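# Structural overview for review
Each chain, written out:
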Amino acid sequence: FPVTIHPPQEDRPLRVLCVDDSPSILALLKKILTKDNGFEVVATAINGIEAAEKLKTLQVDLMTLDIHMPEQTGLEYLKLNHRSGHPPVVMITSVSREDASLPLECLRAGAVDYVENPSLSNLTTQADEIRMKLKLAAKSKTDPRVVSTTDSKTQSHELVGSLSRKETGIVYRDWE
């Protein structure tokens, strides 16, 4: 009889729901979050209301979420929907690190991290940062060594973890 072998979960791409009202940002995220890089964008939504509807039927590992959207902002979405069992959320937003009060409020409401929107001028750097933060966010669900910290001096939020160079291309401190 035929035997079905399922690959280990780590070998499959991380399934992502991308939520942003900008078609340009959604298109860039689809280019950044490819299977070659360990991701699969399984759906998109243009606001928090649509995202909540899609999560009723989709199984995703991660969610990217914009802050400023029509009908329901990212912060409103988090306050209404984020609870135990929700996929980790990384805010991808036009709000800069210098104006971190709104992203920090999102972090308090349940987001794992945030990063500035990618643009054509910073695409390579931002793409690497987005992928790294999403991988750390996914790892944070199962590995207590991956912690989030807020730098009180700059008010920027960073994930610090123990992922290997192979997983991220960057070396992180191992807390054990």
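Figured I'd write up the structure that's included with this text. (Residues numbered from 1 in each chain as written. Predicted model: local features only at pLDDT ≥ 70, side-chain atom pairs only at ≥ 80, totals over all residues. Heavy atoms only, no water.)

## Observations concerning the overall build of the protein chain
Secondary structure assignment for the protein chain yields six helices and seven strands. Sequence-ordered secondary structure for the protein chain, helices as α and strands as β, is β-α-β-α-β-α-β-α-β-α-β-β-α. Expressed as a percentage of the 176 residues in the protein chain, the buried residues total 43%. Of the roughly 9,800 Å² of accessible surface on the protein chain, a fraction of 52% belongs to carbon and sulfur atoms. (Helix = DSSP H or I, 4+ residues; strand = E, 2+ residues; numbered from the N terminus. Buried < 20%, exposed > 50% of the residue type's maximum accessible area, 1.4 Å probe, protein only. Areas by Shrake-Rupley, 256 points an atom, 1.4 Å probe, with all protein chains shown as cover.)

## A closer look at helix 5 (residues 123-140)
Under the 1.5 Å per step criterion, the end-to-end length of helix 5 is 25 Å for 18 residues, consistent within 8% with the ideal 26 Å. Listed in full, the buried residues belonging to helix 5 are Gln126, Ala127, Glu129, Ile130, Arg131, Met132, Lys133, Leu134, Leu136, Ala137 and Ala138. (Expected span 1.5 Å × (residues − 1).)

## Section: the pairing of strand 3 (residues 62-65)
Neither face of strand 3 is left uncovered, since the one carrying Leu62 and Thr64 and the one carrying Met63 and Leu65 both have all their residues buried. Pairing between strand 1 (residues 14-19) and strand 3: four bridges, direction parallel. Among the inter-strand pairings, Cys18 is bridged to a residue of strand 3, identified as Thr64. As defined by bridge partners, strand 3 adjoins strand 4 (residues 89-93) across three bridges and the pair is classed as parallel. Each residue of the ladder has a partner; that of Thr64, found in strand 4, is Val90. Handedness of the crossover joining strand 3 and strand 4 through helix 3 (residues 74-81): right-handed. (Pairing = 2+ DSSP bridges. Right-handed = clockwise from strand over helix to strand, strands pointing away.)

## Observations concerning the nonpolar core
Ranked by internal contacts, the top residues of the largest apolar core, which has 23 residues, are Leu17, Val19, Met63, Leu65, Leu78 and Met91. Listing elements by their share of this core, those giving two or more residues are strand 1, strand 2 (39-45), helix 2 (48-55), strand 3, helix 3, strand 4 and helix 4 (101-108). If near-sequence neighbours (up to four positions away) are discounted, Met63 is found in contact with Leu17, Val19, Ala51, Leu55, Tyr77, His86, Pro88, Val89 and Val90. Core analysis: the second largest hydrophobic core is formed by 18 residues, Ile32, Ile92, Ala127 and Ala137 among them. (Core = buried A, V, L, I, M, F, W, Y, C linked by side-chain atoms within 4.5 Å. Contact = heavy atoms within 4.5 Å.)

In short, geometric facts, not functional conclusions.
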